[in-house]
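# Structural overview
So the chains spell out like this:
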Amino acid sequence: MYVAEATAHGGRNGFVTSQDGHLELKVAMPPALGGDGNGTNPEQLFAAGFSACFHNALVLVGRRAGLDLSGSTVAAKVGIGPNKQHGYGLAVALSVSLPVLDEDVAKKLVDAAHEVCPYSNATRGNIEVTIVLG
């Protein structure tokens, strides 16, 4: 259906570009990892992509169910740290706000979106993903 293309130049201390020219960002290590923080980082980009994709999955399943998702948001936190294989791994926490839905309906919608979202499907069984309704 669609393929995105991006290229990194200089790793975590360089820049990233997309093939279509819409994305051109300076990349820098965050201070917590010893960098100067004068740019975005892969974890922020992953958080932006996951939150946008998950929110769209919510909208899709909500529309199919005839639900009102007015004022809904999805925020993502992506953490990086050492893993058991002496490398590094990610963990994701999604915070979903569905202010006009009651909690039981919201929970069912979030569960359905988690099955539909490509990011959820790509990360399932690979990294810890927690979802909190708030």
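Scroll up to find the structure.
Below or above, wherever it landed, is the structure these notes cover. (Residues numbered from 1 in each chain as written. Predicted model: local features only at pLDDT ≥ 70, side-chain atom pairs only at ≥ 80, totals over all residues. Heavy atoms only, no water.)

Let's shift gears to helix α2 (residues 103-116). Between its first and last C-alpha atoms α2 spans 20 Å; for 14 residues at 1.5 Å apiece the expected length is 20 Å, and the two agree. Considered for burial, the residues of α2 that qualify are A106, L109, V110, A113 and H114. For α2, the buried positions fall inside an angular range of 140° around the axis, keeping them on one side. Opposite the buried face of α2, by more than 90 degrees, sit the exposed residues D104, K108 and E115. Those residues of α2 that are buried are in contact with α1 (42-64), β5 (88-97), α3 (118-123) and β6 (128-133). (Helix = DSSP H or I, 4+ residues; strand = E, 2+ residues; numbered from the N terminus. Expected span 1.5 Å × (residues − 1). Buried < 20%, exposed > 50% of the residue type's maximum accessible area, 1.4 Å probe, protein only. Arc of directions from axis to C-beta. Contact = heavy atoms within 4.5 Å.)

Relative to the elements of secondary structure, T123 occurs in helix α3. Among residues more than four places away in sequence, those in contact with T123 are F46, F50 and V129.

Looking now at α1. A rise of 1.5 Å per residue sets the reference length of α1, with its 23 residues, at 33 Å; its end C-alpha atoms lie 33 Å apart and thus fit the reference within 8%. Among all positions in α1, only E43, A47, G49, F50, S51, C53, F54, A57, L58, V61 and G62 are buried. Of the surrounding secondary structure, the elements contacted by the buried residues of α1 are β4 (73-82), β5, α2, α3 and β6. A distance of 3.1 Å separates the backbone nitrogen of E43 from a side-chain oxygen at the start of α1, and that oxygen is part of N41. Within two residues after α1, G66 carries a phi angle of roughly 70°, on the positive side. (Polar contact = N/O pair within 3.5 Å; in protein donor to acceptor, adjacent residues only side chain to side chain.)

A separate point is the sheet that holds β5. Strands pair in a sheet through their backbones, by hydrogen bonds, and they do so in one of two ways: parallel or antiparallel. Across the sheet, three strands lie side by side as β4-β5-β6; this open sheet has mixed pairing. Sheet topology places β4 and β6 at the edges, where each strand pairs with a single neighbour. Each strand of the sheet is rotated relative to its neighbour by a mean of 15°, with strand direction disregarded. Summarising the sheet, β4 and β5 pair through 10 bridges and their orientation is antiparallel. Within β5, the residue paired with G79 across the bridge is A91. Packed onto the sheet, α2 meets β5 and β6 and runs at close to 155° relative to β6. (Pairing = 2+ DSSP bridges. Axes fitted to C-alpha atoms, helices over the stretch in contact; angles between N-to-C directions.)

By themselves, these figures tell us nothing about what the structure is for.
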